[in-house]
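So the chains spell out like this:
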There are 4 protein chains.
Amino acid sequence: MRADAAQRREAIITHARHLFAERGGDVALDAVAAASGVGIATLYRNFPSRGDLVHAVVQDIVDQIIHAVDQTQSTLNTDPAAAWKDLLSSLTAMELGALTDGLALQAGAVQDLEATPLAQVQQPAVDALNDLLAELKRRGAVREALSALDVIVAVATITRPQVSPIRGAAPGVPDQLAEAYFLWSRGQQA
Amino acid sequence: MRADAAQRREAIITHARHLFAERGGDVALDAVAAASGVGIATLYRNFPSRGDLVHAVVQDIVDQIIHAVDQTQSTLNTDPAAAWKDLLSSLTAMELGALTDGLALQAGAVQDLEATPLAQVQQPAVDALNDLLAELKRRGAVREALSALDVIVAVATITRPQVSPIRGAAPGVPDQLAEAYFLWSRGQQA
Amino acid sequence: MRADAAQRREAIITHARHLFAERGGDVALDAVAAASGVGIATLYRNFPSRGDLVHAVVQDIVDQIIHAVDQTQSTLNTDPAAAWKDLLSSLTAMELGALTDGLALQAGAVQDLEATPLAQVQQPAVDALNDLLAELKRRGAVREALSALDVIVAVATITRPQVSPIRGAAPGVPDQLAEAYFLWSRGQQA
Amino acid sequence: MRADAAQRREAIITHARHLFAERGGDVALDAVAAASGVGIATLYRNFPSRGDLVHAVVQDIVDQIIHAVDQTQSTLNTDPAAAWKDLLSSLTAMELGALTDGLALQAGAVQDLEATPLAQVQQPAVDALNDLLAELKRRGAVREALSALDVIVAVATITRPQVSPIRGAAPGVPDQLAEAYFLWSRGQQA
DNA sequence: GATGAATGAGCCTTCATTCAT
DNA sequence: GATGAATGAAGGCTCATTCAT
């Protein structure tokens, strides 16, 4: 039974992430519940408020970021350039756009970034990524002026959900931007 | 009073554009009206449906794009690289993000991009930009594989409204992305 | 100029009456103004509130009722049955339905019929018709138990505006009801 | 809770029917909800659009018409005249006026009566009544030229909601019209 | 523990009425 | 005097959240 419940919870998070990434952060929770195959009340039992669900989605993404950073550690010494490229690829595939839009709702009156509960949740990912960036910089694989938050926000910006007619009109753009960002991130001398 | 009304209409469009760019395409029309200093019914007299307002905002942006393209023509022959750089700067400063999000509302059931009334309104801007790109490509100032729509969507993606805590966390990202895109667009043989 | 204004006022009343009769008492005043070929403000100059316009429409109808009653006086002695039939025809052709629906708006909190301003305006018509009915009853042309208000309300009920699909489905009904009412009103002792 | 909900749904339909019949088809849905003792959102859960509520009310009335027709079958052979009289009584007591006004909302652009979803819902009632009328005509109890739709529309017209001051002024009129229509419908050759 | 139903608050839109030219 | 524009109040509908089974 416990396993069942945990599985259900995971399903909700996953579907919520996909929907956030696809349709933006303002999807109705009914839609999330329906997509997850549960009743709306079940969703609320697991996530007492919309913010809690957003929180969980962010946590999920953060875990993935940390995992991706960990993966990179192995090739870091042998081929730092490839390591950076792989990491950026992983991040790009990660639907960080969902993260960005998901925040929208809390943002209302928030002034102080540090105060956001999301900031705290993100911190471990930011820290891990910053450590990695430090290594990469030392090896000249990335630009000096690049912070973990910069990278996360940049990738999120590039991969944010796009209104479908737009996406259809210029489907290659996200890849172009990703390539451009990768080239730029490696630093001067183009 | 006719002049007054026209001025008011312009004010509404301007404020709507700013709000779309700042808070996304789903701002309450009440907020637009309030920001414009008019009652909600006045907004509705000028733009009978939300779609009409979006349409006007898009039109406004399209006009600006065309104007920017025109401005570029003068330096096109003397210094194509500078011309391209200036144009991209202009576009970046133009809040194209508002355009992107504004479309969201119509997008509901839209499958065919060409059918969108917005597509038609955009066409002149796309055509003008494509003509310019052709010239620039001939002069080797930009990558071959770059269409007007690509450029517009890319800039829109980069400058899309960003949730404020995010913006605060990594304020330099849009500029970084713009720079990256500029470098890439010139077609460094990658 | 005075003639012009008076003419305009009449035009508004006439169009209002038609629209009330056609589409019911809840037509937008904008529509009345447009149909009358004047601006909304002109309508309001002539009729400071919606109630005033309704009042004028009722007055107009009342005048027509009185006129119809007067017309009947001539044949009253020679052929009372024909007189009654003609009067009922006239009333039926008079769009009394407009009157009924026009009242709807004032009706909100009205308890006392006598207090209604419309009641007062109607009084002359009611009186004239009652006098005529008295004569007709004396001559056995109509049922004893028939008051002027009964007749007016009955005709108004029969000729009230009908939703178009309904009208299309059974177009003969108003005439059938008019015929039925006429027969009944003569007091055939069934 | 399922039973509870069904009951509530019935309550909404009943109250809507009364309000339509009393105040016309343009009552605020808030009022319907309040009268039914539920919140506005509950009404919308049961009837996603105003049209759906109208539809349900019509369905309710149609059911009653069919029931009334069925009831009549028993006395049809023994006393056709009484059967017809009873049926007309039943219809008159049925608030068909609600039906008529309820249609108003859909009517906007409707040209074709057959296309109306309401038309389809009504069809069974129309068919049943037409069958009965055929029998009655065979027995000479009603006029030849009388269709089911004629009867329904006529009764609806007679019992349509009346603005209260009017009703107060001539309370006997609906009964008078009903009597008149009954007499006429039997086809006394006048 | 899971579910469907209920609710109020909020946004979109219309309309009677007023105002400035 | 006539006009178009402006306005607030009200109704239609949706959605995050709570409740009863």
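Residues numbered from 1 in each chain as written. Chains lettered and ligands numbered in written order. Predicted model: local features only at pLDDT ≥ 70, side-chain atom pairs only at ≥ 80, totals over all residues. Heavy atoms only, no water.

As annotated in an unreviewed UniProt entry, chain A is TetR/AcrR family transcriptional regulator from Arthrobacter gengyunqii.

A. Spotlight on the packing of aromatic side chains. Residue and element names in this part refer to chain C. Evaluation of the coordinates by the stated rule reveals four aromatic pairs over all chains. Ring centres of Y181 and W184 lie 5.7 Å apart, and the angle between their planes is 25°; on these two criteria the pair is classed as stacked. Of the two residues, Y181 and W184 are both situated in helix 11 (residues 173–185); the distance of three residues between them amounts to about one turn of the helix. Accessibility assignment for this pair places Y181 and W184 in one class, buried. (Phe/Tyr/Trp six-rings, centres within 6.5 Å; stacked < 30°, edge-to-face > 60°. Helix = DSSP H or I, 4+ residues; strand = E, 2+ residues; numbered from the N terminus. Buried < 20%, exposed > 50% of the residue type's maximum accessible area, 1.4 Å probe, protein only.)

B. Highlighting the side chain of B:Q176. For B:Q176, the position within the fold is in helix 10 (residues 173–185). Relative accessible area serves as the criterion here: at 12%, B:Q176 is assigned to the buried category. Setting aside anything within four residues of it in sequence, one finds B:Q176 in contact with A:A145, A:L146, A:D150, A:Y181 and A:W184. (Contact = heavy atoms within 4.5 Å.)

C. Structural context of the environment of B:Q123. Residues and elements named next belong to chain B. Looking at the element boundaries, Q123 is found in helix 7 (residues 117–138). On the basis of relative accessibility, which here comes to 33%, the residue Q123 falls in the partly exposed class. As a C-alpha pair, Q123 and L149 span 26 residues in sequence and 9.8 Å in three-dimensional space.

D. Broad picture of the protein's contact with DNA strand E. For DNA strand E, the set of nearby residues contains 35 residues, the closest of which are A:T42, B:Y44, B:R50, D:R8 and D:A41. Among the atoms of DNA strand E lying within 4 Å of the protein, the sugar-phosphate backbone contributes 64%. One of the backbone nitrogen or oxygen atoms of B:L29 is found 2.8 Å away from a phosphate oxygen of DNA strand E. Interatomic distance of 2.3 Å between a side-chain N/O atom of B:Y44 and a phosphate oxygen of DNA strand E. Contributing elements (two or more residues each) for the surface near DNA strand E: helix 3 (40–46) of chain A, helix 2 (29–36) and helix 3 (40–46) of chain B, helix 3 (40–46) of chain C together with helix 1 (2–23) and helix 3 (40–46) of chain D. In terms of residues, the surface near DNA strand E owes the most to one element, helix 3 of chain D, which gives five residues. In terms of residue class, the surface near DNA strand E is made up of 21 nonpolar, six polar and eight charged. (Near = heavy atom within 4 Å. Polar contact = N/O pair within 3.5 Å; in protein donor to acceptor, adjacent residues only side chain to side chain. Nonpolar A, V, L, I, M, F, W, Y, C, P; charged D, E, K, R; others polar.)

E. Representation of the protein's contact with DNA strand F in the model. Around DNA strand F sit 33 residues in total, of which B:R8, B:A41, B:T42, C:T42 and D:Y44 are the nearest. For DNA strand F, the fraction of protein-proximal atoms (within 4 Å) that sit in sugar or phosphate groups is 65%. Taking C:T42, its side chain carries an N or O atom lying 2.2 Å from a phosphate oxygen of DNA strand F. For the surface near DNA strand F, the secondary-structure elements that each account for two or more residues are helix 3 of chain A, helix 1 (2–23) and helix 3 of chain B, helix 3 of chain C together with helix 2 (29–36) and helix 3 of chain D. Of the residues in the surface near DNA strand F, the class split is 19 nonpolar, six polar and eight charged.

F. Representation of the UniProt feature "domain: HTH tetR-type" (unreviewed entry) in chain A. The UniProt record annotates "domain: HTH tetR-type" (unreviewed entry) at residues 6–65 of chain A. Here residues 6–65 of chain A is 82% helix and 0% strand, with 22 Å between the C-alpha atoms at its ends. (UniProt positions renumbered as here; feature names shortened; annotations may be inferred.)

G. Structural context of the packing of helix 8 (residues 148–159) of chain A against helix 10 (residues 173–185) of chain A. Residue and element names in this part refer to chain A. At their nearest, the axes of helix 8 and helix 10 sit 9 Å apart, and the two run at 160° to each other. In terms of their interaxial angle, helix 8 and helix 10 are classed as roughly antiparallel. With respect to the hand of their crossing, helix 8 and helix 10 are arranged in right-handed fashion. On the side of helix 8, the interface is formed by D150, V151, A154 and I158, while helix 10 contributes P174, L177, A178 and Y181. Here the contact of helix 8 with helix 10 is composed, by residue class, of seven nonpolar, no polar and one charged. (Axes fitted to C-alpha atoms, helices over the stretch in contact; angles between N-to-C directions. Parallel < 35°, antiparallel > 145°, perpendicular 65-115°, else oblique. Left-handed = near helix turned anticlockwise from the far one by under 90°.)

H. Examining the pattern of salt bridges more closely. Under the criterion given, the structure shown has 20 salt bridges over all chains. B:R8 is paired through a salt bridge with B:D4; the nearest N and O atoms lie 3.1 Å apart. Placement of the pair is B:R8 and B:D4 together in helix 1, with a separation of four residues, close to one helical turn. B:D4 sits in the partly exposed class, given a relative accessible area of 40%. The closest approach of N and O atoms between B:R139 and B:E135, which form a salt bridge, is 2.5 Å. Here B:R139 falls in the partly exposed class, since its relative accessible area comes to 35%. Via salt bridges that share partners, A:R17, A:D60 and A:E95 belong to a single interconnected network. (Salt bridge = Lys/Arg side-chain N within 4 Å of Asp/Glu carboxyl O.)

I. View of the packing of helix 4 (residues 50–76) of chain B against helix 5 (residues 80–92) of chain B. All names here are of chain B. Interhelical geometry of helix 4 versus helix 5 gives an angle of 165° and a closest axis separation of 9 Å. In this view, helix 4 runs roughly antiparallel relative to helix 5, as classed from their interaxial angle. With respect to the hand of their crossing, helix 4 and helix 5 are arranged in right-handed fashion. Contacts between helix 4 and helix 5 involve I65, A68, V69, T72, T75 and L76 from the former and P80, A83, L87, S90 and L91 from the latter.

J. The environment of A:A16, seen in detail. Residues and elements named next belong to chain A. Here A16 shows up in helix 1 (residues 2–23). Along the primary structure A16 and M94 are separated by 78 residues, whereas in three dimensions their C-alpha atoms are 14 Å apart. Sequence-distant contacts of A16, defined by excluding residues within four places in its chain, comprise V32, L53 and V57.

K. Quick look at the nonpolar core. Among the nonpolar cores identified, the biggest contains 118 residues, and C:W84, C:V151, D:W84 and D:V151 are the most heavily contacted of them. Ignoring any residue separated from it by four or fewer positions in sequence, one finds D:V151 in contact with D:W84, D:L88, D:L91, D:L129, D:L133, D:L146 and D:Y181. Within the second largest apolar cluster, 116 residues are counted, among which are A:L133, B:V27, B:L29 and B:V155. (Core = buried A, V, L, I, M, F, W, Y, C linked by side-chain atoms within 4.5 Å.)

L. Broad picture of helix 10 (residues 173–186) of chain D. Look at helix 10 of chain D: 20 Å from first C-alpha to last across 14 residues, which is about the 20 Å you get at 1.5 Å a residue. The element helix 10 of chain D is largely enclosed, with a buried count of ten among its 14 residues. Within helix 10 of chain D, the full set of buried residues consists of D:V173, D:Q176, D:L177, D:A178, D:A180, D:Y181, D:F182, D:L183, D:W184 and D:S185. Those residues of helix 10 of chain D that are buried are in contact with helix 9 (148–159) and helix 11 of chain C together with helix 5 (80–92) and helix 8 (148–158) of chain D. Where helix 10 of chain D terminates, the next one or two residues include D:G187, which has phi positive at roughly 90°. (Expected span 1.5 Å × (residues − 1).)

M. Local environment of unusual backbone geometry. Residue and element names in this part refer to chain A. Look at E95: it is not a glycine, yet its phi comes out positive at around 60°. Within the secondary structure, E95 sits in the loop between helix 5 (80–92) and helix 6 (96–107). The partly exposed category is assigned to E95, whose relative accessible area is 23%.

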